[in-house]
Amino acid sequence: MQSDNIEHFDLVVIGSGPAGFAAAMRAIDFHKKVAIVEEKNLGGAGVFHGALTSKTMWELSADFAVASAVNRGYRASHLTVDYKKVKKTVVNAAKTKQYQMLSQIESFSSSNKIGHGGSLTLIQGHGSFQDAHYLNIETRGEGEKVIYGEYFIIATGSRPRQHPILKTDGHRIVNSDELLGLDRFPERMLIVGSGIIGCEFATIFSNFNQTEVHLLDRAHCVIPFEDKDVSSFVSEGLEKNGVQIHHTANFRTVRKKEDSLDVVLDYEDGHSRVIEVDVILVSIGRVPNTDHLKLENAGLHANERGFLEINNECAMEDFSKCHIFAAGDTTGHKALYCVAEEQGRHIVEAIWGNVAYPLDYSHLPTLMFFKPELASVGMNETQLQEKKIPYRAAYYSNKLVNRAIAMQNTRGFVKIMISDDGKNKILGMRAGGPQASAFITSFAYLLDQNLTVEEVLKNTHPHPSVTEGIQECLRLLMGMSIYKEEVFPEEIKLTEWKP
Ligand SMILES: Cc1cc2nc3c(=O)[nH]c(=O)nc-3n(C[C@H](O)[C@H](O)[C@H](O)COP(=O)(O)OP(=O)(O)OC[C@H]3O[C@@H](n4cnc5c(N)ncnc54)[C@H](O)[C@@H]3O)c2cc1C
Ligand SMILES: NC(=O)c1ccc[n+]([C@@H]2O[C@H](COP(=O)([O-])OP(=O)(O)OC[C@H]3O[C@@H](n4cnc5c(N)ncnc54)[C@H](O)[C@@H]3O)[C@@H](O)[C@H]2O)c1
């Protein structure tokens, strides 16, 4: 039996990451009374130990790499970098965002009037279901608290997956949550896992050039979900930056010595190698935070991998019967900031805004912060072949793009896939190089509009812009590029594929 003095909320979001916070703020638009329950860092992995902190570190490291360059007509002297100071800048960046979030929470608190009847309350503590409408919260310092929710959004995100052998200790064996706990640049570091997180941190530490970086790649290629040419572009970039990639190597064991770690690696061809490092970063994927929520008390369950399976409305059952929804990394969709935000907002719109459109994830761009940055949208060649879709692809190197030449930064490319059915519909793009993360969004818009190459080519790109590579790539697909494949076979490539 619940007591009457339990506070009631229209919406309770569990987790303040991009999914939870975006949902809470959209509910404010509908003048709802909202509670945000957060057990750790305001903003979740979107802000701390995740997207914002890692991107701040990447930006600092990229600036440092440019400042250290000696092939551009200048040479900086006495350039030094201190991990503690880098960490301080990174933490300050995260705090900037957290204080912006707190300003919103305080402005829309029940004591203020700008919510027009809606309000936001932040409750710091661990939430778990008592039943389908009551949430227990072990608060930070104020004991147990129970609140009532008319609707719930489970936005509890994910955490680093544990390696079966490599147990993290926060000092010598760490995961991405623990990197800011290091007090100096390690002299030697092994990164286990060559997905996005592994390759981003390999880029960051090699950009700072204070650490000998080893990257363990169990397969033949890093970021294995991309086409082979794109994956090779990333590995070559890492190797050029000084990263030693151990392709086809499996981690066997680690022997801890007083000041270092001996790591035994077994390669596919049968040989083994022992390397000495100071720190191991484990980045082998993430698992959803759904196991401490007492879901069974609310009549819910996660699937065997711990994800909450959702339908188009992010509901875990028929929308008309549902009052508990899930968004973000808990759902097993792409673990991206924008997916989390979109899902969180969509749920609120479905409940109070009568919006019934299904969420479409097919044209969501992904940005990867390597050297240089990489951006993707739509299908790649591997996916098109798996789906047996005939296509033509054009590759155009930044070596031929004037703006990239002016930047003295020509390591980059654009690859565009179009349908080979007489309609020339744009199906996908991969781009590596400066500003790729900025221009991918406008290309995603073209995909969304289902445009043909002819329609897109009606627009002329301004000069000098890196996007002139896109224009040339599209012209290439129509056999009318200014620079020709015959003259530049390494820089310009055309392929076609039929099932
Ligand atoms: C190193 C790294 C770099 C990344 N870089 C990018 C990037 O560049 N671009 C991009 O798009 N994505 C990036 N991501 C992924 C992105 O951060 C996540 O997809 C996104 O944060 C997921 O949002 P979310 O709201 O689902 O969960 P989260 O951001 O994980 O937030 C969940 C919150 O819920 C809280 N919580 C969990 N359980 C409870 C509970 N029981 N009670 C109360 N609170 C609870 C957690 O403390 C956490 O604060 C990165 C991730 C990492 C780890
Ligand atoms: N820029 C971005 O958008 C960005 C940045 C960072 C993270 N993220 C999100 O976070 C998610 C998690 O990133 P991640 O890099 O941890 O996961 P991931 O799934 O991208 O990569 C994990 C890698 O670890 C390898 N691996 C798995 N088990 C292993 C083992 N036992 N030994 C050695 N290698 C092993 C896998 O083969 C894979 O290459 C990503 O999928 C992404 O959605 C996005």
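Model, not experiment: these values are computed from the prediction. (Residues numbered from 1 in each chain as written. Chains lettered and ligands numbered in written order. Predicted model: local features only at pLDDT ≥ 70, side-chain atom pairs only at ≥ 80, totals over all residues.)

So, on to the site of ligand 2. Among the 24 residues in the neighbourhood of ligand 2, the closest are listed as Gly 193, Gly 195, Ile 197, Ile 284 and Ala 335. For the shell around ligand 2, the secondary structure elements donating two or more residues are helix H5 (196–208) and strand E17 (366–368). Take the shell around ligand 2: its biggest share by element is four residues, from H5. Partitioned by chemical class, the residues of the shell around ligand 2 number twelve nonpolar, eight polar and four charged. No fewer than three residues from each of domain 1 (7–49 + 90–159 + 287–351) and domain 2 (173–284) sit in the shell around ligand 2. (Near = placed C-beta within 6 Å. Helix = DSSP H or I, 4+ residues; strand = E, 2+ residues; numbered from the N terminus. Nonpolar A, V, L, I, M, F, W, Y, C, P; charged D, E, K, R; others polar. Domains from an automatic or database assignment.)

The end-to-end C-alpha distance of helix H10 (residues 436–448), which contains 13 residues, comes to 18 Å, matching closely the 18 Å that a straight helix rising 1.5 Å per residue would cover. Along H10, the residues that are buried comprise Ala 436, Phe 439, Ile 440, Phe 443, Ala 444 and Leu 446. Where H10 is buried, its residues contact E17, strand E18 (374–378), strand E21 (426–432), helix H11 (453–456) and helix H12 (468–477). Positive phi shows up at Asn 450, right after H10, with a value of about 55°. (Expected span 1.5 Å × (residues − 1). Buried ≥ 20, exposed ≤ 12 C-beta atoms within 10 Å, placed from the backbone. Contact = placed C-beta atoms within 7 Å.)

Read from one edge to the other, the open sheet built from six strands follows the order E17-E18-E21-E20-E19-E22, with strand pairing classed as antiparallel. Looking at which strands have only one partner, the edges of the open sheet turn out to be E17 and strand E22 (492–497). Sheet twist, expressed as the mean angle between neighbouring strand axes with direction ignored, is 10°. Pairing of strand E19 (residues 391–397) with E22 involves six bridges; the strand directions are antiparallel. Directly across from Tyr 396, in E22, lies its bridge partner Ile 492. In the packing of H10 onto the sheet, the strands contacted are E17, E18 and E21, and the crossing angle to E18 comes to about 10°. (Pairing = 2+ DSSP bridges. Axes fitted to C-alpha atoms, helices over the stretch in contact; angles between N-to-C directions.)

Grouped together as the largest cluster of nonpolar side chains are 135 residues, with contacts concentrated most on Ala 23 and Ile 416. Apart from residues lying up to four places away in sequence, Ile 416 is in contact with Ala 393, Ala 394, Ile 426, Met 429, Cys 473, Leu 474 and Leu 477. (Core = buried A, V, L, I, M, F, W, Y, C linked by C-beta atoms within 7 Å.)

Further remarks concern the domain arrangement of the protein chain. Under the domain assignment used here, the protein chain contains domain 1 (7–49 + 90–159 + 287–351), domain 2 (173–284) and domain 3 (372–497). The C-alpha-based centres of domain 1 and domain 3 are spaced at 39 Å.

Next up on the list: the sheet that holds strand E7 (residues 173–175). In space, the five strands of this open sheet follow the order E7-E14-E8-E9-E10, with parallel pairing throughout. Of all strands in the sheet, those bounded by a partner on one side alone are E7 and strand E10 (244–247). Ignoring which end each strand starts from, the neighbouring axes of this sheet average 20° apart. In this structure, strand E8 (residues 188–192) lies alongside strand E14 (residues 279–282), joined through four bridges in parallel fashion. Bridged to Leu 190 within E14 is Ile 280. Of the strands in this sheet, E8, strand E9 (212–217) and E14 are in contact with H5, which crosses E9 at around 165°.

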